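Survey of secondary and tertiary structure
Each chain, letter by letter, is given below.
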Amino acid sequence: MAALRVPTPDRTRAVPLLVAGEWRNSDTQRWEPVYNPATGEVIAQVPHATQEEVAAAVQAAARAYPSWRATPPIERARLMFRYKELLERHFEELALLVTRENGKTLADARAEVRRGIEVVEFATGAPTLLLGEMAEDVARGIDSELVRAPLGVVAGICPFNFPAMIPLWMFPLALVCGNTFVLKPSERTPLSAVRLGELLLEAGVPEGVFNIVHGGKETVDALVAHPDVKAVSFVGSQPVAKYVYAEAARHGKRVQALGGAKNHLIVMPDADLERTVPAIISSAFGAAGQRCLAGSVVVAVGDVADTLVDALSAAAAEIVVGEGTDPEVDMGPVIRPEARQRVLGYLERGQEAGASLVYDGRRHGRLKGPDGGFWVGPSIFDHVRPDMAVACDEIFGPVLSVIRVGDLNAAIEVANRSRYGNAACIFTRSGRAAREFRYRIEAGMLGVNIGVAAPMAWFPFSGWKQSFYGDLHATGKDAVRFYTQVKMVISRW
Ligand code: NAD
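Everything numeric in this text was worked out from a predicted model, so none of it was measured.

Considerations on the packing of aromatic side chains
Scanning all chains against the criterion turns up 9 aromatic pairs. Geometrically, the ring pair formed by Tyr 83 and Phe 171 is tilted, given 6.1 Å between the ring centres and 50 degrees between the ring planes. Placement of the pair is Tyr 83 in helix H2 (residues 73–89) and Phe 171 in helix H6 (residues 165–176), with a sequence separation of 88 residues. Accessibility classification places Tyr 83 together with Phe 171 in one group, the buried group. Between the aromatic rings of Trp 169 and Phe 461, the centroid separation amounts to 4.4 Å while the plane-to-plane angle is 45 degrees, which identifies the pairing as tilted.

Topic: the pattern of salt bridges
For the structure on display, the rule yields 26 salt bridges. Its salt-bridge partner being Glu 318, residue Arg 366 comes within 3.5 Å of it at the nearest N-O pair. Of the two residues, Arg 366 sits in the loop between strand E14 (356–359) and strand E15 (379–382) while Glu 318 sits in the loop between helix H11 (305–317) and helix H12 (337–352), which places them 48 residues apart along the sequence. What makes Glu 318 partly exposed here is its relative accessible area of 46%. Note that Asp 382 is salt-bridged to Arg 404, the shortest N-O span being 2.8 Å. Of this pair, Asp 382 sits in strand E15 while Arg 404 is found in strand E16 (residues 399–405), placing the two residues 22 residues apart along the sequence. For Arg 404, a relative accessible area of 31% puts it in the partly exposed group. Sharing partners across several salt bridges, the network here consists of Lys 84, Glu 88, Arg 114 and Glu 121.

Let's talk about the domain arrangement of the chain
Partitioning the chain into structural domains gives domain 1 (17–260 + 467–492) and domain 2 (263–448). Put simply, the middle of domain 1 and the middle of domain 2, counted by C-alpha atoms, are 31 Å apart. Across the interface of domain 1 and domain 2, roughly 2000 Å² is buried in total on both sides, 60% from carbon and sulfur atoms. Considering only the surface of domain 1 that becomes buried against domain 2, Pro 37, Ala 38 and Ser 467 emerge as the three largest contributors, covering 23% of it. Applying the counting criterion to the domain 1 and domain 2 interface returns 1 salt bridge.

Focus: the nonpolar core
Core analysis: the biggest nonpolar cluster contains 70 residues, and Ile 266, Ile 280, Phe 285, Val 298, Leu 308 and Leu 312 have the highest contact counts within it. When residues of this core are assigned to their parent elements, the largest contribution, 6 residues, is made by helix H10 (residues 273–285). Aside from chain neighbours lying at most four places away, what touches Val 298 is Leu 265, Val 267, Ile 280, Leu 308, Leu 312, Leu 400, Ser 401, Val 402 and Ile 403. Leu 79, Trp 169, Leu 196 and Leu 472 belong to the second-largest nonpolar core, a separate cluster that totals 67 residues.

Structural notes on the sheet that holds strand E22 (residues 484–492)
As summarised here, the arrangement of the 3 strands in space is E5-E6-E22, forming an open sheet in which the pairing is antiparallel. The two strands at the open ends of the sheet, each matched to only one other strand, are strand E5 (133–139) and E22. Sheet twist, expressed as the mean angle between neighbouring strand axes with direction ignored, is 25 degrees. In this sheet, E22 lies alongside strand E6 (residues 142–150) in antiparallel orientation, the contact comprising 9 bridges. In the sheet register, Ile 142 faces E22, and the bridge partner there is Arg 492.

Details of the layout of surface pockets
Empty space within the largest pocket amounts to approximately 760 Å³. Taken together, 35 residues form the lining of the largest pocket, with Pro 159, Arg 188, Gly 236, Ser 237 and Val 240 sitting closest to its centre. For the lining of the largest pocket, the elements supplying multiple residues, two or more each, are helix H8 (217–225), strand E10 (229–235), helix H9 (238–250) and H12. At 4 residues, the largest contribution of residues to the lining of the largest pocket is made by H9. Residue-level mapping places the lining of the largest pocket at the junction of two domains, with at least three residues from each of domain 1 (17–260 + 467–492) and domain 2 (263–448). Considered as a void within the structure, the second largest pocket measures approximately 360 Å³ in volume. Taken together, 19 residues make up the lining of the second largest pocket; nearest its centre are Arg 115, Phe 162, Met 165, Val 452 and Ala 454. At the level of secondary structure, the elements contributing two or more residues to the lining of the second largest pocket comprise helix H4 (106–123) and H6. No other element matches the 6 residues that H4 contributes to the lining of the second largest pocket. Class assignment of the residues belonging to the lining of the second largest pocket gives a composition of 13 nonpolar, 1 polar and 5 charged. Built from parts of two domains, the lining of the second largest pocket gets at least three residues from each of domain 1 (17–260 + 467–492) and domain 2 (263–448).

Points about the site of the ligand
Residues in contact with the ligand amount to 31 residues; listed here are only the nearest, Cys 158, Glu 187, Arg 188, Ser 237 and Glu 394. Take Gly 259: an N or O atom from its main chain is 2.8 Å from a nitrogen atom of the ligand. Between an oxygen atom of the ligand and a side-chain N or O atom of Glu 394, the distance comes to 2.6 Å. In the complex, the protein chains occlude 89% of the 840 Å² of accessible area that the ligand would expose alone. The cavity that encloses the ligand is the largest pocket. When residues of the shell around the ligand are assigned to domains, at least three map to each of domain 1 (17–260 + 467–492) and domain 2 (263–448).

Each value, and the rule that gives it
- Residues numbered from 1 in each chain as written.
- Predicted model: local features only at pLDDT ≥ 70, side-chain atom pairs only at ≥ 80, totals over all residues.
- Heavy atoms only, no water.
- Phe/Tyr/Trp six-rings, centres within 6.5 Å; stacked < 30°, edge-to-face > 60°.
- Helix = DSSP H or I, 4+ residues; strand = E, 2+ residues; numbered from the N terminus.
- Buried < 20%, exposed > 50% of the residue type's maximum accessible area, 1.4 Å probe, protein only.
- Salt bridge = Lys/Arg side-chain N within 4 Å of Asp/Glu carboxyl O.
- Domains from an automatic or database assignment.
- Buried area = accessible area lost by both parts, 1.4 Å probe.
- Core = buried A, V, L, I, M, F, W, Y, C linked by side-chain atoms within 4.5 Å.
- Contact = heavy atoms within 4.5 Å.
- Pairing = 2+ DSSP bridges.
- Axes fitted to C-alpha atoms, helices over the stretch in contact; angles between N-to-C directions.
- 1 Å grid on protein atoms, 1.4 Å probe; cavity = no way out; pocket = protein on both sides within 12 Å on 5 of 7 lines; lining within 4 Å.
- Points joined across faces, edges and corners; volume = space filled by probe spheres on them.
- Nonpolar A, V, L, I, M, F, W, Y, C, P; charged D, E, K, R; others polar.
- Near = heavy atom within 4 Å.
- Polar contact = N/O pair within 3.5 Å; in protein donor to acceptor, adjacent residues only side chain to side chain.
- Areas by Shrake-Rupley, 256 points an atom, 1.4 Å probe, with all protein chains shown as cover.
- Sits in = over half its atoms within 2 Å of the grid points.

Below, the structure written as structure tokens:
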């Protein structure tokens, strides 16, 4: 791979902060390049905002809060109707931006933006979503009401792998619930979030209701510790999710922290392989394996294993790896050279541990990406044992491990051993097996003959175990509950 170009600080391509309705360049001395992972080119410079800038964004949100809280939910919903129209109008542009800074294919980026818009559509239901409850005569002549009130300033901290969708999981719902917001996008993919912010301003969001700051750990720490931030929505890797959860709790805040994953795909001997194989390939290698719902361990049950592994290897060999804007490409690059190194390291570790590398992405034939991109082909390990690092760790790259077991019981036990519990899938023609799987599996999002078990916007994104810290999940009614607090009124007149 060609060496990375050394970034020169270029203020003309500085990614701006959004504070109190105004875009401004950071005064920080600390900048970091943003790359197009398909070419290795530096496409922008992102600031690590100063503590003062983070405080200014939170203060702007705190100042905007009283009048936004007093804005009727129907008016907040109308903002989202206008926003949805703008997102539709700029749909292709947003998808292209996602591809450019993240590397995923345009088809994948379009799906991501669509999923994000669906949250905005759900948020337009605010007047209904925020309805309270009322009971007459809880005692003689006494009535009781439940009212949903907003929290105040909410901070949202996002990962690189869905630069548009994950911010959209958070702020549309937080805003329609009456909160104001400070978004901290991933420093590796901040451009889509900035465009989302521009469109929100165009839709008419009042000054200070929505703000953006950039940076890494220090920015996150400043947001989480700020006394005016009342709640934190976090999505990212497991160690950071755990850290943000603990830090936010230590500062007395409400927090939801979605972490990493190691998703198991159980294939029963009766599975329809013509459908199962493409579903597994797309789950494991779509977005170069950089999805929290990516299938990364296939648990092959009984005599399906040989045929399945052969079919998966043959399908992996067909995957065209290259620039996401090329319509013939199936899989883009990984996000950074370090991610590539991590994947290559796991290929070595898997081999050292005795797994057989039946398809080696280092020798992938169908690589057509430009020099300088962060390329790594798809890889498949067979005869993986559940205690091997390739079976336990989140690799977050295009590596699929196959574990062979004798029956469904053993398959469920393998999946349930994982410290993660984001998603799990089963491929079968048997309702009984599917029911057994659904009942016993310890994961929050399940697919039955589906490779990527992504809930729609009006349901919660529902990871378990170390894939999630908190109790109310992202999106759906959980998000409405997360972004509101309940007030009980008991009256006698
Ligand atoms: P990451 O944890 O490196 O970064 C996430 C955010 O945390 C970023 O905004 C980053 O600036 C910040 N951050 C990084 N290190 C920090 C630290 N030490 N202290 C405080 N903040 C810090 O995650 P990533 O690599 O951007 O994203 C990929 C990860 O996100 C994967 O593990 C993936 O499974 C997970 N993810 C989970 C879900 C889910 O729904 N459970 C969804 C998408 C991604």
